[in-house]
Amino acid sequence: MRALFAATKAARAKRWDAGRFSFNVAKGRCATCDGEGFVSVELLFMPSAYAPCPTCHGARYNPQTLTVTWEDRTIAGILGLTVDEACAVFAAQPAVLRPLVLLREIGLGYLRLGQPATELSGGEAQRIKLATELQRAQRGDALYVLDEPTSGLHPADVDKLLAQLHGLVDAGNTVLVVEHDLRVVADSDWVIDLGPGAGDDGGRILASGTPEHVSRANRSRVVGSRTAPYLAEALGLAFAQR
Ligand SMILES: [Zn+2]
């Protein structure tokens, strides 16, 4: 996106390169907030709070940088778009569109492009890392460890994420997911059920095997799997369990 701005007539006339449009580089960003868009306010007896930058009002750039527009949008305006909106704006720019579509496909279409990393949930941060990884050429020998990547996701977006994870596995990689979402558990090749309770009450392997096998765990012997009946339900299997 920065390259598109650097290629505009206005930027070339000023000899501005792509770095001018990065809030990580001093030349184009707001000097008051160093491109953060907000400033830390020290409060007596209280933890410090964040307030919008009084100079750029959250735009992150200095006024000169914002005189350059690409298709009537400033770089700050672009960073205010959601991934879904940006997919439409950059529909004719394949190099920009490809990573955007990937983000949309793993259920991050609602994120703003300029969303600070500190505002991301753990699940969102993992999905962004995953999108970065999916863009790389797959060597097929990697182990991916994900901790509740579906947290906060709409069921429709869980399906999208699962499709991407299956793509990694189909390419020969191994994906290990720590997960409570039973649709994800039911969709796995191998399940390790830890329990029986949480924290100090757990930590034992109650059952392991295919999802079908683990869903029957309480039938063969008393293992006390709380997961089994719900997993059976997620698999569409009806077992009489207690
Ligand atoms: Zn500022």
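The structure displayed is predicted, hence computed values, not measured ones.

Colleague: It is not clear to me how the nonpolar core should be interpreted in this structure. Could you clarify?
Modeller: One recurring pattern in soluble globular proteins: nonpolar side chains tend to sit buried together. F5, F21, W70, F90 and L100 are the most contacted members of the largest nonpolar core, which totals 45 residues. Of all the secondary-structure elements, those providing two or more residues to this core are helix 1 (2-6), helix 3 (75-79), helix 4 (83-89), helix 5 (94-105), helix 6 (122-135), strand 3 (143-147) and helix 7 (155-170). Here this core spans two domains, and each of domain 1 (2-79) and domain 2 (141-234) adds at least three residues to it. If we skip the residues at most four places from it in the chain, F5 touches A11, F21, V68, T69, W70, R73, T74, I75 and I78. By size, the runner-up hydrophobic cluster in this structure holds 9 residues, among which are V185, A186, A207 and L231.

Colleague: Is there a simple way to think about the packing of aromatic side chains in this case?
Modeller: How two aromatic rings sit relative to each other is given by the distance of their centres and the angle of their planes. For the structure on display, the rule yields 5 aromatic pairs. When the centroid spacing of 6.3 Å and the interplanar angle of 70° are considered together, the rings of W16 and F21 count as edge-to-face. Look at W16 and you get buried, because its relative accessible area is 16%. On the accessibility criterion, F21 (1% relative accessible area) is buried. By way of ring pairs, the aromatic residues F5, W16 and F21 are connected into one cluster. Here R20 stacks its cationic end above the ring of W16, 3.8 Å away from the centre of that ring. Sitting over the face of the ring of F23, R60 holds its NZ or CZ atom 3.9 Å from the ring centroid.

Colleague: I keep staring at the coordination of the zinc ion and nothing clicks. Help me out?
Modeller: Within the protein, C30 (SG), C33 (SG), C53 (SG) and C56 (SG) serve as the donor atoms for the zinc ion, at 2.2 to 2.3 Å. Geometry at the zinc ion is tetrahedral, judged from the 4 donor atoms that bind it and their angles of 106 to 115° at the metal. Sequence positions of the donors to the zinc ion reduce to the motif C-x2-C-x19-C-x2-C. Placement of C33 in the loop between helix 2 (9-13) and strand 1 (38-41) and of C53 in the loop between strand 2 (49-52) and helix 3 is noted, with a sequence separation of 20 residues between them. Residue class for C33 comes out buried when judged on its relative accessible area of 5%. Since its relative accessible area comes to 1%, C53 is described here as buried.

Colleague: Looking at this structure, how should I read helix 11 (residues 227-234)?
Modeller: Residues lying three or four places apart along an α-helix face the same way, a consequence of the helix completing one turn every 3.6 residues. Where helix 11 is concerned, the buried positions are A228, L231 and A232. With its buried residues spanning 105° around the axis, helix 11 presents them on a single face. Immediately beyond the C-terminal end of helix 11, within one or two residues, lies G236, with a positive phi of roughly 80°.

Parameters at a glance
Residues numbered from 1 in each chain as written. Predicted model: local features only at pLDDT ≥ 70, side-chain atom pairs only at ≥ 80, totals over all residues. Heavy atoms only, no water. Core = buried A, V, L, I, M, F, W, Y, C linked by side-chain atoms within 4.5 Å. Buried < 20%, exposed > 50% of the residue type's maximum accessible area, 1.4 Å probe, protein only. Helix = DSSP H or I, 4+ residues; strand = E, 2+ residues; numbered from the N terminus. Domains from an automatic or database assignment. Contact = heavy atoms within 4.5 Å. Phe/Tyr/Trp six-rings, centres within 6.5 Å; stacked < 30°, edge-to-face > 60°. Lys NZ or Arg CZ within 6 Å of the ring centre and 35° of its normal. Donors = N, O, S within 2.8 Å, 3.2 Å for Na, K, Ca; no water. Tetrahedral: all angles 85-135°; square planar, octahedral: opposite > 155°, others 65-115°. Arc of directions from axis to C-beta.

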